[in-house]
Amino acid sequence: MRIVVTSSEAVPFAKTGGLADVATGLSRALAAADHEVTLVVPYYPRHVPVDLPCPEIGTTVTVRVGQKVVEAGLRRAELPDSRLRVILVDQPMYFDRPGLYTDQGHDYQDNCERFVFFSRAVLEAVARLDLRPDVIHVNDWQTSLLPLLLEVDYRHQPGLQSTGTVLTIHNLAFQGRFWKWDMLLTGLDWKHFNWRQLEFWGDINLLKSGIVTADLITTVSPTYAREICTTEFGCGLETALGHRGDDLVGILNGVDTEVWNPARDPRLARQYDISNVADGKAVCKTDLQRELGLPARHDAPLFGMISRMTEQKGFDLIAATAERHLQHDLQMVFLGTGQPHYENLVRDLANRYPDKVAAFVGFDEGLAHRIEAGADCYFMPSRFEPCGLNQMYSLIYGTVPVVNAVGGLADSVVDATPAAIADGSGNGFVLAEYSPEALITQVDRAVDLYRDSNTWQQIVRNGMGRDWSWNRSAARYVDVYCRAHGRHAVPHQDG
């Protein structure tokens, strides 16, 4: 198939979260499966690695945004060992900024204008480059207006008459909601400002426009697809999503195993796989403990957590239970940034328990890999989690996750009951409910089972033995693309 994937961020060009990993990982997997794939992203010159060439291709696109006529250049890039084609939309006024969406914690006031422009620029680029896609795959609110723009303004263009559209919702909490007069920026007739399309409680909602217009909608896990149709998780869009019926499909994200693979991860003190995981992780654990200034002990389980420090990620549970956990003979390491009171919490724990807790407030990609390899357990008790990637990184690296049964966590982690351990499915510890008591129960279980080396190694091997790569997920996306394209394919006429 000819596939265009568009996203506001992608690794290694710019990243704020899992969206970037997914956009690149899925696109690479599709290209590896012999599909003709083009990934289109903004060009953020302050974020692109200095050693990554992104030459201009000598083609420009012109876009009307409200009363402005804005021109952008197009650049190209290549990724090592990949057939994926990457096109970058270069418009300094919109994208040459310190942050992708915010600066010093505040949203850019022109975010609506920036991504209306980008959505139109993608369609202009697709037409100018004669890509003729069977499907355009858009991601999150930043590109969710594209399906409606295609239907209203671009469907007649050569190469776009039979193009299907697919929207992936990575996190429904972020919707691209702006005041109603930003409707003027879209270039669409005011007739589209109605409760069935763009209007949402008096504002415009870009994600909603994609939900009601895209041929098919996917979310990043089967459980999250069901959750977002409920009042509890629907963020006000549960009715719109419920009306899509079988057009809403949950597909668990994959992992880019070119990047996350303990057998060839250059950041580790020792590389390992399922055949020598116990020895490999022992070396990595000692190396991590020394790096963090913790006593090098193999008899004490080490719990890691790499996360935004927010309530969504379960830090309210960590705050309520950390002192109780530390009554055990265990160690904990935290890496990330977030709400100041949670940053202060982990710093305080590290100061008061220097032999048991290490905290790194900030981010370090190499340290993240070494935590995944060196930790025995991984904290991920999220309040909600559309998919989550770190629990899958942990399973690949033989690190046993402790999770809440929501979203992609419920779809990837199976509680290590005796029966589940025996049948090869039990690979972690799952909270019965979102509460401090439930987290305490699961940590107690993990500490107890850690002392049983044979059982623990079986749990580890259960997690490592499953295919977490993008290969399985990419095949499901192709099925979705075929359905979307089929809704616009022109029937063959015999001569």
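One structure accompanies this document, and this report is about it. (Residues numbered from 1 in each chain as written. Predicted model: local features only at pLDDT ≥ 70, side-chain atom pairs only at ≥ 80, totals over all residues. Heavy atoms only, no water.)

Examining the overall build of the chain
Stated precisely, the cut-off is as follows: Secondary structure elements are taken from DSSP: a helix is a run of H or I of four residues or more, a strand is a run of E of two residues or more, and numbering for both begins at the N terminus. For this measure, only C-alpha atoms enter the radius of gyration; the expected value for a globule follows 2.2 Å times N^0.38, where N is the number of residues. Using a 1.4 Å probe on the protein chains alone, a residue whose accessible area is under 20% of its type maximum counts as buried, one over 50% counts as exposed, and one in between counts as partly exposed. Whether two residues are in contact is decided by their heavy atoms: any pair within 4.5 Å suffices. Only the protein chains shown count as covering a residue, and every accessible area follows the Shrake-Rupley method with a 1.4 Å probe.
Regarding its fold elements, the chain presents 18 helices and 20 strands. On C-alpha atoms alone, the chain measures out to a radius of gyration of 23 Å, which is about the 23 Å that the 2.2 N^0.38 rule sets for 495 residues. The principal-axis extent of the C-alpha atoms belonging to the chain is close to 70 × 50 × 45 Å. Per-residue burial for the chain yields a buried fraction of 60% across its 495 residues. Considering only contacts in the chain between residues 6 or more positions apart, those separated by 24 or more positions represent 71%. Entry remark: accessible area of the chain is about 19800 Å², with carbon and sulfur atoms responsible for 49%.

Here we look at helix α12 (residues 365-374)
Most of α12 sits inside the fold, with 9 of its 10 residues counted as buried. Along α12, the positions that sit buried rather than exposed are G366, L367, A368, H369, R370, I371, E372, A373 and G374. The elements touched by buried residues of α12 are α9 (277-292), β15 (302-306), β16 (331-336), β17 (357-361), β18 (377-380) and α13 (390-396).

Side note on the sheet that holds strand β19 (residues 400-404)
The following threshold applies: Two strands qualify as a pair provided DSSP detects at least 2 bridges between them. Angles shown run from 0 to 180 degrees and are taken between the N-to-C directions of axes, each axis being a line fitted to C-alpha atoms and, for helices, limited to the stretch in contact.
If you walk across this open sheet you meet the 6 strands as β17-β16-β15-β18-β19-β20, and the pairing is parallel. Whereas interior strands pair on both sides, the edge strands pair on one side only; in this sheet they are β17 and β20 (429-431). Within this sheet the neighbouring strands show an average axis-to-axis angle of 15°, counted without direction. Relative to β19, β18 is paired through 4 bridges, and the arrangement is parallel.

Some remarks on the pattern of salt bridges
Our working definition: One speaks of a salt bridge when a side-chain nitrogen belonging to Lys or Arg is within 4 Å of a carboxyl oxygen belonging to Asp or Glu.
Within the structure shown, the criterion is met by 28 salt bridges. Among the salt bridges present, the one from R155 reaches E151, with a minimum N-O distance of 2.4 Å. Exposure remark for E151: the relative accessible area of 34% places this residue in the partly exposed category. Between E385 and K313 there is a salt bridge whose closest N-O contact spans 3.0 Å. Note that E385 is positioned in the loop between β18 and α13 and K313 in the loop between β15 and α10 (315-325), a separation of 72 residues in sequence. Among the residues examined, K313 registers a relative accessible area of 13% and is labelled buried.

Some details on the packing of aromatic side chains
As a reminder of what qualifies: By convention, a stacked pair of Phe, Tyr or Trp rings (six-membered ring in the case of Trp) has centres within 6.5 Å and planes under 30 degrees apart, an edge-to-face pair has planes over 60 apart, and any other such pair is tilted. Note on criteria: charge over ring means Lys NZ or Arg CZ within 6 Å of the ring centre, with the direction from the centre no more than 35 degrees off the ring normal.
Enumeration over the complete set of coordinates arrives at 19 aromatic pairs. Taking 6.1 Å as the distance between ring centres and 40° as the angle between the ring planes, the aromatic pair formed by Y477 and Y481 counts as tilted. Taken together, the residues span about one helical turn, with Y477 and Y481 both in helix α18 (residues 470-486) at a distance of 4 residues. Judged on exposure class, the residue Y477 and its partner Y481 are both buried. Members of the aromatic cluster, connected to one another through ring pairs, are Y44, Y94, F95, Y101, F115, F117, F118, W141 and F178. The ring of Y108 has R97 lying over it, and the distance from NZ or CZ to the ring centre is 4.8 Å. Taking NZ or CZ as reference, K180 lies 5.5 Å from the ring centre of W181, over its face.

Overview of the packing of helix α1 (residues 18-32) against α18
Note the following rule: Each angle gets one of four labels, with under 35 degrees taken as roughly parallel, over 145 as roughly antiparallel, 65 to 115 as roughly perpendicular, and the rest as oblique. The residue classification treats Ala, Val, Leu, Ile, Met, Phe, Trp, Tyr, Cys and Pro as nonpolar and Asp, Glu, Lys and Arg as charged. All others, Gly included, are polar.
At a minimum axis separation of 9 Å, α1 and α18 run at an interaxial angle of 80°. Looking at the two axes, α1 sits roughly perpendicular to α18. In this structure, α1 uses D21, V22, G25, L26, A29 and L30 to contact α18, whose residues at the interface are W470, A474, Y477, V478 and Y481. Looking at the contact of α1 with α18, its residues break down into 9 nonpolar, 1 polar and 1 charged.

Here we look at unusual backbone geometry
With an omega dihedral of 5°, the bond running from V11 to P12 counts as a cis peptide bond. Tracing the sequence through the fold places P12 in the loop between β1 (2-6) and α1. The residue D81 is not glycine, and still its phi comes out positive at about 55°. With respect to the secondary-structure elements, D81 resides in the loop between β4 (68-78) and β5 (85-90). If you check the backbone angles, D140 has positive phi at about 60° while not being a glycine. Tracing the sequence through the fold places D140 in the loop between β8 (135-139) and α4 (146-154).

Focus: the sheet that holds strand β11 (residues 199-200)
Pairing within the open sheet is antiparallel, and its 3 strands lie in the order β10-β12-β11. The sheet is open, and its two borders are formed by β10 (177-178) and β11, each paired with just one other strand. When β11 meets strand β12 (residues 203-205), the two strands line up antiparallel, connected through 2 bridges. Each residue of the ladder has a partner; that of F200, found in β12, is D203. On top of the sheet, helix α6 (residues 206-213) reaches β10, β11 and β12; it is set at about 55° to β12, its chief contact.

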